[in-house]
Amino acid sequence: MTEKKPAVSRTRMRLDQLIKGAREFAAIYRSSTPGLVGLAILMFLVLTAVFAPYISPYDPYTRVDRPLRPPSDKYLLGTNDIGQDIFSELIYGTRVSLTIGFLAAIFTVVIGTLVGVVSGFMGGSVDEVLMRFTDVIMILPSIPLLILLMAIFGRQSYLIMILAISITGWTGTARMVRSSTMSIEERTYVEASKAIGAGEGHIILKHVLPNVSPLIIATMIYQVAGAMMSEAGLSFLGLGDPGHKSWGMVLHYAQTSGGWYANQGYPAWWWIIPPGLLIAFTVASLVLIGQTMEEIINPRLRMR
Amino acid sequence: MRVGKELLRVKDLKVSLIDGGGYKTIIDDVSLSIHEGETVGLIGPTGSGKTVTAKAILGVLQPIGAARPQWSIEGEVLYRGRDLLKISGEEFRRLRGDEVSMIFQKPAGSLNPILEVGEQTGEPVDAHEEIERRRLREMVIDHLGRVELPDAGRRFRWFPHQFSGGEAQRIMIASALICNPSLVVADEPTSDLDVTVQRQVLELLKRVKGEFGLSMLLITHDLGVIAEMSDYVYVMYAGRIIEHGDVYGIFEDPTHPFTRGLLRSTPRIDSDRFELIDMPGELPQPPYDIPGCVFHPRCSQVTDACREKKPVLTECRPGHHVACLRAGET
């Protein structure tokens, strides 16, 4: 029993510390109006995504009425060309769009951090090779590359889309993590750690990663915004997964199935404007959150 | 006479920066030895290569700056007869912290701001052996107690910013000693502290040195610290050792014009001399490219020979070596 006691208290102390840190963070965050607005929008969207089956009035994949009905009490945002409820489509689309956005951002950041830390820490020829490789990926125009990757590997799967977005998007993170790794490596405590015999793995885990993690988390938020835009773009171009309709897909169908003149020769606005607005609002909310977090992490920005 | 077995012997150490194909020599021809139980002082002006020497001995010279020039280290660093420059990186890593340890100049900067001090103090143990958390914790608290850090048990989980500079240096000393090393390199351990705390840290170093049976390489530019702490002194100037001898020889009868000038420009409580005489000229900046004697541009007794011929360290009297062409004359 005495064996277990310190281990338990250790985890609890850790937890307490984490909670304390989170409280401090929250206290500063609360003073930022834009940050709160962004967070409110995002929370609303996340809740929508989680409770989609309970909120949405209809199944977005079945016909519920005649095609192209304008908005009414029954169909809040009307119906599309094959008579599916657009409001329900968008609610379920929140799920797909957010999932792809967040997962792609996580993969992006993981790849970027891995490359950045290894490159910054190893230095020399490893650094040289990795950075040149990063440069090559970076200068390839990402949209055509994405289109190409999607066209080759998987127009049918949104998992492939997540991978494609991560593969093209990690370069910025890698460069940033590399430079901050290099600056941390020159701090005295890393030198001190080396002088007492710490190995490279130890230094990376104990000194480098904890010190770059705030930066990584802040950029991840921006990566989510970027990934969601890429997803919307690809889906709009028809490279999305038809089994998982995202906002971009809704726009894609509107574009290909005559949404621009379906309203008696005029655009069916209820079909086109809502998904566009949703994408814009989501990206805006993410940027607001990202900026607020950056301000907290980088006090120099707070002065402005 | 130096007593004790020789623990570390540095022979003809030459450290250069490889910068764009060219070599920039930072230190050259540095030889020194440390015997068991000794405190060896290494003194010299800023930029004379003291820290580079120390880091080269410990194998922790880092690529510096954006261009990351590499270091080239030549010579021999014999620790208990083993050449540290020839062993593998992994072997060297195991030796660091366990056998040879280092205390850094800036105590506050030497602690990672986002890691608990308890964990950091135990870092060397963690790096060298598998150890149960609870035992490590006991060990850390024990060592923090031995460096007289008040309330170590309660402050185990505190972060570095919650400690004063003196306390941080105590933590660094505890961390350097936790694996029971034989040799500790202390790189200006008191330069960043204020005077009263300096005194406490020096007393502490003296005490733990006896307690742990350490040998110490003490690097400083503070003559007072050297006079008080060390048994044997090496004087460095512009990347070279220019004089060495036991501490009494250096302070009572300095031979090299630089050492003499240095002592003349320092106030002493036990002397009637009020006037402090400064040395003419400016401190040379590395990399050094001085023909002849490195000190000749500032030397008052310079001759033509000094401008051309590099003086070698010669024994001018028993146990006292100096690198000066005119050493025998005066």
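In this text the structure is predicted, and so the values were computed from the model without any measurement.

Some words on the overall build of chain A
Phase 1: The helix and strand inventory of chain A stands at 13 helices and zero strands.
Phase 2: Projected onto its principal axes, the C-alpha positions of chain A cover 75 × 50 × 45 Å.
Phase 3: Classification of the 304 residues of chain A by burial places 39% in the buried group.

Considering the interface of chain A and chain B
Phase 1: Between chain A and chain B, the contact holds 22 residues from the first and 30 residues from the second.
Phase 2: When contributions to the side of chain A that touches chain B are tallied by element, the ones reaching two or more residues are helix H1 (5-30), helix H9 (188-195) and helix H10 (200-236) of chain A.
Phase 3: When residues of the side of chain A that touches chain B are assigned to their parent elements, the largest contribution, seven residues, is made by H9 of chain A.
Phase 4: Considering only residue class, the side of chain A that touches chain B consists of nine nonpolar, eight polar and five charged.

Some thoughts on helix H8 (residues 195-212) of chain B
Residue and element names in this part refer to chain B.
Phase 1: With 18 residues, H8 extends 25 Å from end C-alpha to end C-alpha; this agrees with the ideal 26 Å at 1.5 Å per step.
Phase 2: Among all positions in H8, only Val201, Leu205, Val208 and Lys209 are buried. Down the axis, H8 shows its buried residues gathered within 105° of arc, on one side only. Residues of H8 that are exposed and angled more than 90 degrees away from the buried face: Thr196, Glu203, Gly210 and Glu211.
Phase 3: In this fold, the buried residues of H8 make contact with strand S3 (39-43), helix H5 (133-146), helix H7 (165-177), strand S7 (183-187) and strand S8 (215-220).

Details of the nonpolar core
Phase 1: One finds Val185, Ala186 and Leu217 of chain B to be the most contacted residues of the largest nonpolar core, which totals 150 residues.
Phase 2: For this core, the leading source of residues is H10 of chain A, giving 16 residues.

Some thoughts on unusual backbone geometry
Residue and element names in this part refer to chain B.
Phase 1: In this structure, aspartate 12 is a non-glycine residue whose phi angle is positive, near 45°.
Phase 2: Structurally, aspartate 12 can be placed in strand S1 (residues 6-19).
Phase 3: Residue classification places aspartate 12 among the exposed residues on the basis of 11 C-beta atoms within 10 Å.

Considerations on the confidence of the model for chain B
Phase 1: Per-chain confidence: chain B averages 86 in pLDDT, with 98% of residues scoring 70 or above.
Phase 2: This prediction of the complex comes with two scores: 0.78 for pTM and 0.82 for ipTM.

Details of the sheet that holds S3 of chain B
Residue and element names in this part refer to chain B.
Phase 1: In space, the eight strands of this open sheet follow the order S6-S7-S8-S3-S9-S10-S12-S11, with mixed pairing throughout. In the strand order of this sheet, the two ends are held by strand S6 (100-103) and strand S11 (314-317), each with one partner. Across the sheet, the mean angle from the axis of one strand to that of its neighbour is 25°, orientation sign disregarded.
Phase 2: Sheet analysis places strand S9 (residues 232-237) next to strand S10 (residues 240-246), joined by six bridges and oriented antiparallel. When the bridges of S10 are listed, tyrosine 237 appears paired with arginine 240.
Phase 3: Against the sheet, helix H1 (residues 50-58) touches S3, S6, S7, S8 and S9, its axis set at about 150° to S7.

A word on the packing of helix H2 (residues 33-50) of chain A against helix H4 (residues 86-122) of chain A
Residues and elements named next belong to chain A.
Phase 1: Interhelical geometry of H2 versus H4 gives an angle of 110° and a closest axis separation of 8 Å. One finds that H2 runs roughly perpendicular with respect to H4. Contact residues: Leu45, Val46, Thr48 and Ala49 in H2; Ile91, Thr94, Arg95 and Leu98 in H4.
Phase 2: Of the residues belonging to the contact of H2 with H4, the class tally is five nonpolar, two polar and one charged.

A short note on the sheet that holds strand S5 (residues 82-83) of chain B
Residue and element names in this part refer to chain B.
Phase 1: Taken in spatial order, the four strands make up an open sheet running S2-S1-S4-S5, and their pairing is antiparallel. What marks the edges here is a single partner per strand, and that holds for strand S2 (22-35) and S5.
Phase 2: Bridge count for S1 against strand S4 (residues 70-79) is nine bridges, and the pairing is antiparallel. Bridge pairing links leucine 17 to tryptophan 71 in S4.

What counts, and where the lines are drawn
Residues numbered from 1 in each chain as written. Chains lettered and ligands numbered in written order. Predicted model: local features only at pLDDT ≥ 70, side-chain atom pairs only at ≥ 80, totals over all residues. Helix = DSSP H or I, 4+ residues; strand = E, 2+ residues; numbered from the N terminus. Buried ≥ 20, exposed ≤ 12 C-beta atoms within 10 Å, placed from the backbone. Contact = placed C-beta atoms within 7 Å. Nonpolar A, V, L, I, M, F, W, Y, C, P; charged D, E, K, R; others polar. Expected span 1.5 Å × (residues − 1). Arc of directions from axis to C-beta. Core = buried A, V, L, I, M, F, W, Y, C linked by C-beta atoms within 7 Å. pLDDT = per-residue confidence, 0-100. Pairing = 2+ DSSP bridges. Axes fitted to C-alpha atoms, helices over the stretch in contact; angles between N-to-C directions. Parallel < 35°, antiparallel > 145°, perpendicular 65-115°, else oblique.

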